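Reading the structure
Single-letter residue listing:
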Amino acid sequence: MQFDYRTLDPNDSDTDPALLKGYLEAVNRGFHLTRVDEHGEKIWTEVVRGDKATLRGAWLKPEEFGASDIPVATIASWLGELNTGAELIDAHMVSDVSVAPAARRQGLARRIITDTITDAAEQGRPLAALTVTEGGIYRRFGFGPATFKTDIEVDVTRRFAFDEFTPFGRFVQIGSYYHQLMPAL
């Protein structure tokens, strides 16, 4: 497979809206989320624009079978801060790392992670922080867990009780998306 590597700026009015929508579809697919409706797309767009995020991805070249506006690999990054206890330092925040199953083992994750870390170094950011669900697989890129243990105490007294809830309907997986089947009302 051959790929086009692109960087999208959601704040640039020249960025193709179809590519932004495709990027969001790829992230949701990568994390087994539902397809996004217009309202969800609007919220996501406001967030990535507010964060001044940079969205990188790999798209199949137009001549490749299955090519579309949906990338096969994604990564998002933005400028953040880390409180060291003594001062705030700039941090290169990284998230939304995904690679479509059919495109794995092609070096896509290595390429887009290397590109975003190189960009961070060129901008003088001394630290990159990655939020992921499977932290161990990113050690090869220089990331490691920030903590191994934590203690949390949760107040479960009556004032924090949930309202009464009666579940209804059922969920069925169709493809890589979940749909809720609702009984007729």
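Conventions and cut-offs
- Residues numbered from 1 in each chain as written.
- Predicted model: local features only at pLDDT ≥ 70, side-chain atom pairs only at ≥ 80, totals over all residues.
- Heavy atoms only, no water.
- Core = buried A, V, L, I, M, F, W, Y, C linked by side-chain atoms within 4.5 Å.
- Buried < 20%, exposed > 50% of the residue type's maximum accessible area, 1.4 Å probe, protein only.
- Helix = DSSP H or I, 4+ residues; strand = E, 2+ residues; numbered from the N terminus.
- Contact = heavy atoms within 4.5 Å.
- pLDDT = per-residue confidence, 0-100.
- Salt bridge = Lys/Arg side-chain N within 4 Å of Asp/Glu carboxyl O.
- Pairing = 2+ DSSP bridges.
- Axes fitted to C-alpha atoms, helices over the stretch in contact; angles between N-to-C directions.

What follows is about the nonpolar core. Judged by nonpolar contacts, the single largest core of 19 residues is most densely connected at V72, V97, L108, I113 and Y138. At the level of secondary structure, the elements contributing two or more residues to this core comprise β2 (54-60), β3 (73-83), β4 (88-99) and α3 (108-122). The element best represented in this core is α3, accounting for 4 residues. Setting aside residues up to four positions removed in sequence, V97 forms contacts with F31, T74, I75, I113, L130 and Y138. Counting 12 residues, the second largest nonpolar core, distinct from the first, contains L20, W44, A53 and W59.

Below, the discussion takes up the confidence of the model for the protein. Confidence in the prediction of the protein, expressed as mean pLDDT, is 85, and 90% of residues score 70 or more. Mean pLDDT per element in the protein: strand β7 (residues 177-181) is the minimum at 48, and β2 is the maximum at 95.

A positive phi angle is found at H32, which is not glycine, with a value near 55°. Checked against the element boundaries, H32 lands in the loop between α1 (17-30) and α2 (38-50). Note on H32: relative accessible area 51%, which makes it exposed. Positive phi is not limited to glycine here, since R105 has a value of about 65°. Structurally, R105 is set in the loop between β4 and α3.

A word on the pattern of salt bridges. Summed over all chains, the structure comprises 6 salt bridges. Measuring nitrogen to oxygen at the nearest pair gives 4.0 Å for the salt bridge that ties E41 to K21. With E41 in helix α2 and K21 in helix α1, this pair connects stretches of sequence that are 20 residues apart. What makes E41 partly exposed here is its relative accessible area of 22%. Classification of K21 by relative accessible area gives partly exposed; the value is 41%. Between D115 and R111 there is a salt bridge, and its shortest N-O distance comes to 3.1 Å. Taken as a pair, D115 and R111 lie in helix α3 at a separation of 4 residues, close to a single helical turn. A residue is classified by how much of its surface remains accessible, and D115, at 28% relative accessible area, is partly exposed. When its relative accessible area of 36% is taken as the criterion, R111 is described as partly exposed. Taken together, the salt bridges that share partners define one network made up of D4, R6 and K61.

Okay, the sheet that holds strand β5 (residues 128-130) next. Strands belonging to one sheet form pairs held by backbone hydrogen bonds; the direction of such a pair is parallel or antiparallel. With mixed pairing, the 5 strands of this open sheet are ordered in space as β1-β2-β3-β4-β5. Only two strands of the sheet have a single partner each, and these edge strands are β1 (3-8) and β5. Averaged over neighbouring strand pairs, the angle between their axes works out to 25° when direction is ignored. Bridge analysis of β1 against β2 gives 6 bridges, and the strand direction is antiparallel. Residue pairing for β2: Y5 is matched across the bridge by A58. Relative to the sheet, α3 contacts β1, β2, β3, β4 and β5, its axis offset from that of β3 by approximately 35°.

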